[in-house]
Amino acid sequence: MTTDEILDELELIFPNAECELIHKNAYELLIAVILSAQTTDVSVNKITPALFERFPTPQLLAKAELSEIEPYIHSIGLYRNKARSIKGCAAALVEKHQGIVPSTMKELTALPGCGRKTANVVLSVAFNVPAIAVDTHVERVSKRLGLAKPDDSVLEVEKKLKRKIKRERWNKSHHLFIFFGRYLCMARNPQCERCPFQSICKRKKIEAVS
DNA sequence: ATCCCGAGGG
DNA sequence: CCCTCTGGAT
């Protein structure tokens with residue numbers, strides 16, 4: 001099964017795969033993605049409307065006290081780190097980028113709380129730059145599908161995916177893998193009966209080793 | 001390698 | 001109860 005055939009099949013199963021984080025602009029997307037670390041986007045979407053109503057611009061968020069930010073995001077977990085990250089990120093946007101979200105990997109990953117995965121999502125979704133963000137879902141399903149080796153790092157997974165997938169399909173592929181991992185090839189109880197990739201799946205082999 | 005850390009699902 | 005969730009900083 002070629003990589004293109006895998007992607008074609010995923011497009012049939014998930015024709016509406018796209019970013020599910022609520023956002024009105026690049027600033028809101030960046031903050032939402034930072035908040036989404038180790039948290040479901042359903043949880044993030046519950047709190048971002050009120051957060052962005054209170055802090056609609058990086059200028060306002062940068063000036064806020066952590067004690068005022070934390071209650072808005074408490075329910076998503078890791079809230080102290082995330083409050084520091086989004087406040088620091090907003091401050092950096094104001095001080096170094098005139099309040100505008102930058103559109104390069106180098107500038108994005110220099111922002112507090114914004115690592116390579118977050119930067120790739122912002123590049124892809126906000127700026128339509130070809131990118132593949134490798135998160136927990138993408139890493140897991142890439143290895144199960146045999147597109148990466150079991151002990152590959154996330155960066156190695158990203159490189160292999162970019163090598164095997166044509167550039168025009170990078171942005172869509174990311175969301176196809178996310179939806180596949182979220183709704184079918186789950187970490188805990190994958191729905192193997194409904195999966196069209198049983199013949200190529202490496203899961204048994206991977207879990208036998210670990 | 002470890003910490004952060006609440007909500008939701010099984 | 002345990003595991004997982006679109007990770008990043010130290």
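Structure shown above.
Residues numbered from 1 in each chain as written. Chains lettered and ligands numbered in written order. Predicted model: local features only at pLDDT ≥ 70, side-chain atom pairs only at ≥ 80, totals over all residues. Heavy atoms only, no water.

Break down the packing of helix H1 (residues 3-13) against helix H11 (residues 170-183) for me, with residues and values.
For any two helices packed against each other, the geometry is given by the interaxial angle and the distance between the axes. Where H1 meets H11, the closest approach of the two axes is 10 Å, and the angle between their N-to-C directions is 65 degrees. Seen along the crossing, H1 lies across H11 with a hand that is left-handed. For the pair H1 and H11, the contacting residues are Leu7, Leu10 and Glu11 in the first and Lys172, Ser173, Leu176, Phe177 and Phe180 in the second. Across the contact of H1 with H11, the residue classes break down as five nonpolar, one polar and two charged. (Axes fitted to C-alpha atoms, helices over the stretch in contact; angles between N-to-C directions. Helix = DSSP H or I, 4+ residues; strand = E, 2+ residues; numbered from the N terminus. Left-handed = near helix turned anticlockwise from the far one by under 90°. Contact = heavy atoms within 4.5 Å. Nonpolar A, V, L, I, M, F, W, Y, C, P; charged D, E, K, R; others polar.)

Give me the lowdown on the packing of helix H9 (residues 136-144) against H11, citing residues and values where you can.
It is at 8 Å that the axes of H9 and H11 come closest, and there the two elements cross at 85 degrees. Judged by the angle between their axes, H9 and H11 are roughly perpendicular. Only His174, Phe177, Ile178, Phe180, Gly181 and Arg182 of H11 make contact with H9, whose side of the interface consists of His137, Val138, Arg140 and Val141. Split by residue class, the contact of H9 with H11 holds five nonpolar, three polar and two charged. (Parallel < 35°, antiparallel > 145°, perpendicular 65-115°, else oblique.)

Explain the nonpolar core to me, and be specific about the residues and the numbers.
One finds Leu30 and Leu35 to be the most contacted residues of the largest nonpolar core, which totals 37 residues. Every element with two or more residues in this core is listed here: helix H2 (26-35), helix H3 (41-54), helix H4 (58-63), helix H5 (66-73), helix H6 (79-97) and helix H8 (116-127). Here the element with the most residues in this core is H2; it accounts for eight residues. When neighbours within four sequence positions are excluded, Leu35 is seen to be in contact with Val44, Ile47, Thr48, Leu51, Ile73, Ile76, Lys82 and Ile86. Among the nonpolar cores identified, the runner-up in size contains 26 residues, and Val141, Leu145, Cys195 and Phe197 belong to it. (Core = buried A, V, L, I, M, F, W, Y, C linked by side-chain atoms within 4.5 Å. Buried < 20%, exposed > 50% of the residue type's maximum accessible area, 1.4 Å probe, protein only.)

Any chance you could break down H9 for me, citing the residues and the numbers?
With seven of nine residues buried, H9 lies mostly within the body of the structure. Considered for burial, the residues of H9 that qualify are His137, Val138, Arg140, Val141, Ser142, Lys143 and Arg144. Close packing links the buried residues of H9 with helix H10 (154-164), H11 and helix H12 (203-209). The backbone nitrogen of His137 has a side-chain oxygen 2.6 Å away, supplied by the residue at the start of H9, namely Asp135. At the C-terminal side of H9, Gly146 shows a positive phi close to 80 degrees. (Polar contact = N/O pair within 3.5 Å; in protein donor to acceptor, adjacent residues only side chain to side chain.)

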